[in-house]
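Secondary and tertiary structure notes
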Amino acid sequence: EGEVDFKEEAKFSQHLKKGEAVSDFAKSKTLAQQRQYLPIFSVREELLQVVRENQVVVVVGETGSGKTTQLTQYLHEDGYTTNGVVGCTQPRRVAAMSVAKRVSEEMETELGDKVGYAIRFEDVTGPNTVIKYMTDGVLLRETLKDADLEKYRIVVMDEAHERSLSTDVLFGILKKVVARRRDFKLIVTSATLNAEKFSNFFGSVPIFHIPGRTFPVKVLYSKTPCEDYVEAAVKQAMTIHITSDPGDILIFMTGQDEIEATCYALAERMESLESSNKQVPKLLILPIYSQLPADLQAKIFQKAEDGARKCIVATNIAETSLTVDGIFYVIDTGYGKIKVYNPRMGMDALQVFPVSRAASDQRAGRAGRTGPGTCYRLYTESAYLNEMLPSPVPEIQRTNLGNVVLLLKSLKIDNLLDFDFMDPPPQENILNSMYQLWVLGALNNVGNLTDLGWKMVEFPLDPPLAKMLLMGEQLGCINEVLTVVSMLSVPSVFFRPKDRVEESDAAREKFFVPESDHLTLLNVYQQWKANQYRGDWCNDHFLHVKGLRKAREVRSQLLDILKTLKIPLTSCGPDWDVVRKAICSAYFHNAARLKGVGEYVNCRNGMPCHLHPSSALYGLGYTPDYVVYHELILTTKEYMQCATSVEPHWLAELGPMFFSVKESDISMLEHKKKQKQEKTAMEEEMENLRKLQEDEERE
Ligand code: ADP
Ligand code: MG
């Protein structure tokens with residue numbers, strides 16, 4: 001059960017250069033001394049010279065060589081910030097935050113002063129900011145307001161090898177900025193060696209190599225495929241901890257759930273060892289994933305006390321974007337989560353896939369930064385050689401392009417098939433995304449933005465969420481929809497500790513609005529507000545206060561955008577049916593019809609989907625005939641994440657291109673219409689009567 005045998009492999013990396021072990025390095029050196037020790041420091045002058053002489057430069061260097069933290073500072077020191085900002089993009093929000101913090105420490109300035117960062121819904125920059133780290137998505141949105149990016153003197157497109165969706169779109173856009181602005185410079189950095197491709201894209205620009213400094217890493221493969229990699233990783237980590245020399249451990253898992261399970265299991269093993277009075281050194285168990293609160297993220301960089309060992313359990317964030325020194329052991333599950341767009345289903349799904357060989361080599365390399373290390377691969381050598389792709393597929397070729405299409409359309413790039421993509425997405429994906437936007441009413445019949453589409457672009461939200469918000473305007477319930485959208489933009493606020501499952505489930509059920517998981521979120525938020533946004537109230541009700549606070553921030557930022565668009569804040573009061581209608585208007589493409597208890601099929605493509613066991617809809621006592629859902633997650637089954645019951649005639653009314661009304665439904669519609677007419681007639685009658693009486697009294 002999860003037992004792994006390892007077969008020793010040949011040396012993975014042999015380029016041992018300056019072989020100085022540096023495990024206690026950070027402890028004994030000042031920040032300034034640490035900066036000078038980084039490989040990039042030895043080539044600082046040459047690098048700046050190449051930048052002075054060229055408008056675009058590609059910089060290649062091993063992870064940890066200092067590209068992300070040093071390059072921006074060198075540019076600042078070389079005078080580029082006297083007339084403009086040095087911007088540096090990151091594909092991951094965690095990296096943007098963590099690196100900005102580090103650089104602000106190195107420059108001895110408050111975070112948000114000279115050095116700041118911006119991620120979606122969070123801007124920690126100020127008037128003094130001259131070095132700005134941001135996600136590539138943030139810079140992409142800035143091009144909407146300022147096509148020439150006038151405030152930037154230089155942009156560093158960092159981690160370009162990750163080929164995130166926004167980075168790939170920025171490539172095409174920045175190429176134009178470079179052509180239009182002679183005073184603008186662009187640096188593209190990459191950890192791996194596909195630099196040629198970047199260089200060619202910008203017209204054969206120079207490639208600058210930072211000399212590497214790595215130690216050999218011994219790679220061990222599992223002899224047999226491993227069945228439960230969480231269990232296997234935990235065992236391996238414990239074996240290392242008990243039997244191997246000092247040195248920190250880094251485990252790669254696919255996502256938050258697995259990371260939590262791994263950390264929990266490790267803590268349990270440690271506890272049982274300690275309680276049986278075995279002499280084991282301390283193990284510091286540190287999770288890291290993108291949704292982890294920033295203060296907990298920062299912990300991975302803290303030094304362990306003497307004699308203790310760190311064990312970091314990470315997603316592929318630790319592959320290249322974050323570098324932690326002192327790692328001697330890597331445990332690699334060989335899997336990662338990636339977003340894939342299925343054009344047939346017309347949706348994105350986060351799926352667990354084997355990583356590419358390039359990624360698995362990157363992972364192994366993390367063990368050789370401080371001294372010679374070991375990498376335990378929880379998969380067979382044959383899987384590595386025969387089943388893994390040589391390199392990852394760029395995101396632009398595998399995800400939904402709805403946002404990109406909307407953005408490019410608003411930049412007046414009319415023919416998307418002609419846009420200068422480094423690797424164009426499949427035409428089918430572009431057309432499919434355009435179709436989705438048309439269905440939502442953001443594009444008209446000739447593919448141009450509609451009024452609704454123009455408004456949707458203003459919001460840093462996925463198109464359906466933006467549509468939901470704007471339908472709230474039409475339906476007079478924008479105040480409520482705003483809350484729903486904000487709650488959907490943060491990780492789940494429900495806290496479910498493993499040792500208090502029943503208690504926390506009961507607490508959650510108290511918030512249930514039986515027609516809808518969305519309205520349940522609205523209910524949670526409104527109750528929190530009614531309790532003065534108190535933190536202790538959250539703890540009492542098993543809610544993550546940080547998540548709720550984040551939702552509140554998101555809400556206030558979206559509110560600001562609504563204000564600039566002069567959209568008034570309407571409310572429907574306690575009658576929430578209309579909120580469900582707004583949700584339906586944005587998610588009718590995710591409509592599902594009841595098949596059996598808790599079992600549904602997608603109305604359009606017949607895909608099976610299941611009500612999640614935690615859904616509020618079970619509280620109805622029966623399962624509704626029609627629901628729409630926020631997204632489908634594939635775990636053991638296809639589960640609908642966040643579902644809301646809807647009236648079938650809403651589907652016909654809001655998504656006529658997908659749904660037609662059956663006879664029975666028509667008569668139901670007619671019936672309702674008649675009821676409404678009767679009601680208005682009655683009201684008019686009463687009003688007339690009242691007037692008559694008034695007149696009589698006056699006479
Ligand atoms: P690269 O971008 O070339 O991979 P970085 O500039 O990210 O390299 O990293 C350079 C060094 O800075 C590494 O040794 C790393 O450990 C250290 N470092 C980066 N961020 C932090 C942080 N938040 N706290 C402590 N050290 C950090
Ligand atoms: Mg970096």
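Residues numbered from 1 in each chain as written. Chains lettered and ligands numbered in written order. Predicted model: local features only at pLDDT ≥ 70, side-chain atom pairs only at ≥ 80, totals over all residues.

Regarding the overall build of the protein
- Helices and strands together make up the secondary structure of the protein, namely 25 helices and 22 strands.
- A buried classification covers 43% of the 699 residues belonging to the protein.
- Summarising the internal contacts of the protein: among those between residues at least 6 apart in sequence, 74% fall at separations of at least 24. (Helix = DSSP H or I, 4+ residues; strand = E, 2+ residues; numbered from the N terminus. Buried ≥ 20, exposed ≤ 12 C-beta atoms within 10 Å, placed from the backbone. Contact = placed C-beta atoms within 7 Å.)

Description of the site of ligand 1
- Taken together, 18 residues lie around ligand 1, and Lys 67, Thr 68, Thr 69, Arg 102 and Phe 301 are the ones closest in.
- Counting residues per element, the ones that place at least two in the shell around ligand 1 are helix 4 (67-77) and helix 5 (93-106).
- Of the residues belonging to the shell around ligand 1, the class tally is four nonpolar, ten polar and four charged. (Near = placed C-beta within 6 Å. Nonpolar A, V, L, I, M, F, W, Y, C, P; charged D, E, K, R; others polar.)

Topic: helix 7 (residues 165-180)
- For helix 7, spanning 16 residues, the distance from its first C-alpha to its last is 24 Å, which sits close to the expected 22 Å at 1.5 Å a residue.
- Of all the bends in helix 7, the largest measures some 30 degrees and sits at Phe 171.
- Within the sequence span of helix 7, burial applies to Leu 165, Ser 166, Thr 167, Asp 168, Val 169, Leu 170, Phe 171, Ile 173 and Leu 174.
- If you follow the buried residues of helix 7, they end up packed against strand 3 (85-90), helix 6 (136-145), strand 7 (152-157), strand 8 (185-190), helix 8 (195-201) and helix 14 (402-410). (Expected span 1.5 Å × (residues − 1). Bend = angle between axes of the 7 residues up to and from the residue.)

Notes on the environment of Val 501
- Turning to its location among the elements, Val 501 is positioned in helix 19 (residues 501-509).
- Val 501 sits 243 residues away from Glu 258 along the chain, and the two C-alpha atoms are 17 Å apart.

Focus: the sheet that holds strand 5 (residues 122-124)
- Taking strand neighbours across the sheet as the criterion, the eight strands line up as 5-4-6-3-7-8-2-9 in an open arrangement whose pairing is mixed. Edge positions in the sheet fall to strand 5 and strand 9 (207-209), since each has one partner strand and no second. For this sheet the average axis-to-axis angle between neighbouring strands, irrespective of direction, equals 20 degrees.
- As paired strands, strand 3 and strand 7 are joined by five bridges and run parallel to one another. Bridge pairing in strand 7 links Gly 87 to Val 155. (Pairing = 2+ DSSP bridges. Axes fitted to C-alpha atoms, helices over the stretch in contact; angles between N-to-C directions.)

Observations regarding the environment of Gln 279
- Position of Gln 279 relative to the elements: it lies in the loop between helix 10 (256-275) and strand 12 (283-288).
- Remark: the alpha-carbon pair of Gln 279 and Ile 242, spanning 37 residues in sequence, is separated by 9.4 Å.

Concerning the sheet that holds strand 22 (residues 638-645)
- A barrel is described by the order of its strands in space; here five strands give the closed sequence 18-19-20-22-21, paired in mixed fashion. The sheet shows a mean angle of 50 degrees between the axes of neighbouring strands, direction not considered.

Description of the pairing of strand 2 (residues 56-60)
- For strand 2, the tally of buried residues reaches five of five residues, placing the bulk of the element in the interior.
- Of the two faces of strand 2, both are covered, the one formed by Val 56, Val 58 and Val 60 as well as the one formed by Val 57 and Val 59.
- For strand 2 and strand 8, the ladder comprises five bridges, and the chain directions are parallel. The partner of Val 59 across the bridge, within strand 8, is Thr 189.

Here's the deal with the confidence of the model for the protein
- With 89% of its residues at a pLDDT of 70 or more, the protein has an overall mean of 87.
- This stretch, residues 7-24, has a pLDDT under 50; its non-local contacts, to residues over four places away or in other chains, come to 36 contacts.
- Both confidence scores are given for the complex: pTM 0.80, ipTM 0.98. (pLDDT = per-residue confidence, 0-100.)

Focus on helix 4
- Counting buried positions along helix 4 yields eight of eleven residues, so the element is predominantly enclosed.
- Among all positions in helix 4, only Lys 67, Thr 68, Thr 69, Gln 70, Leu 71, Thr 72, Leu 75 and His 76 are buried.
- One or two steps after helix 4, the chain reaches Gly 79, where phi turns positive at roughly 95 degrees.

Examining the packing of helix 4 against helix 5
- As a packed pair, helix 4 and helix 5 sit with axes 10 Å apart at the nearest point and diverge in direction by 50 degrees. Considered as vectors, helix 4 and helix 5 are oriented oblique to each other. As for how helix 4 packs across helix 5, the hand of that crossing is right-handed. Contacts between helix 4 and helix 5 involve Thr 68, Thr 69, Thr 72 and Gln 73 from the first element and Val 99, Arg 102, Val 103 and Glu 106 from the second.
- A class-by-class count of the residues in the contact of helix 4 with helix 5 yields two nonpolar, four polar and two charged. (Parallel < 35°, antiparallel > 145°, perpendicular 65-115°, else oblique. Left-handed = near helix turned anticlockwise from the far one by under 90°.)

Details of unusual backbone geometry
- Of note in this structure, Arg 163 is not a glycine but carries a positive phi near 50 degrees.
- The backbone of Lys 412 sits at a positive phi, close to 65 degrees, despite the residue not being glycine.
- Here Lys 412 lies in the loop between helix 14 and helix 15 (427-440).

Side note on the nonpolar core
- Grouped together as the largest cluster of nonpolar side chains are 175 residues, with contacts concentrated most on Ile 251, Cys 311, Ala 314, Leu 469, Val 481 and Val 485.
- Here Cys 311 is in contact with Ala 237, Ile 249, Ile 251, Leu 266, Leu 283, Leu 284, Ile 285 and Leu 286, once residues within four sequence places are set aside. (Core = buried A, V, L, I, M, F, W, Y, C linked by C-beta atoms within 7 Å.)

Some words on the packing of helix 18 (residues 478-488) against helix 23 (residues 577-587)
- Relative orientation of the contacting elements helix 18 and helix 23 amounts to 55 degrees, with a least axis distance of 10 Å. Considering the angle they form, helix 18 stands oblique to helix 23. As for the relative orientation of helix 18 and helix 23, their crossing is right-handed in sense. On helix 23, the residues touching Glu 480, Val 481 and Val 484 of helix 18 are Val 579, Ala 582 and Ile 583.
- Across the contact of helix 18 with helix 23, the residue classes tally to five nonpolar, no polar and one charged.

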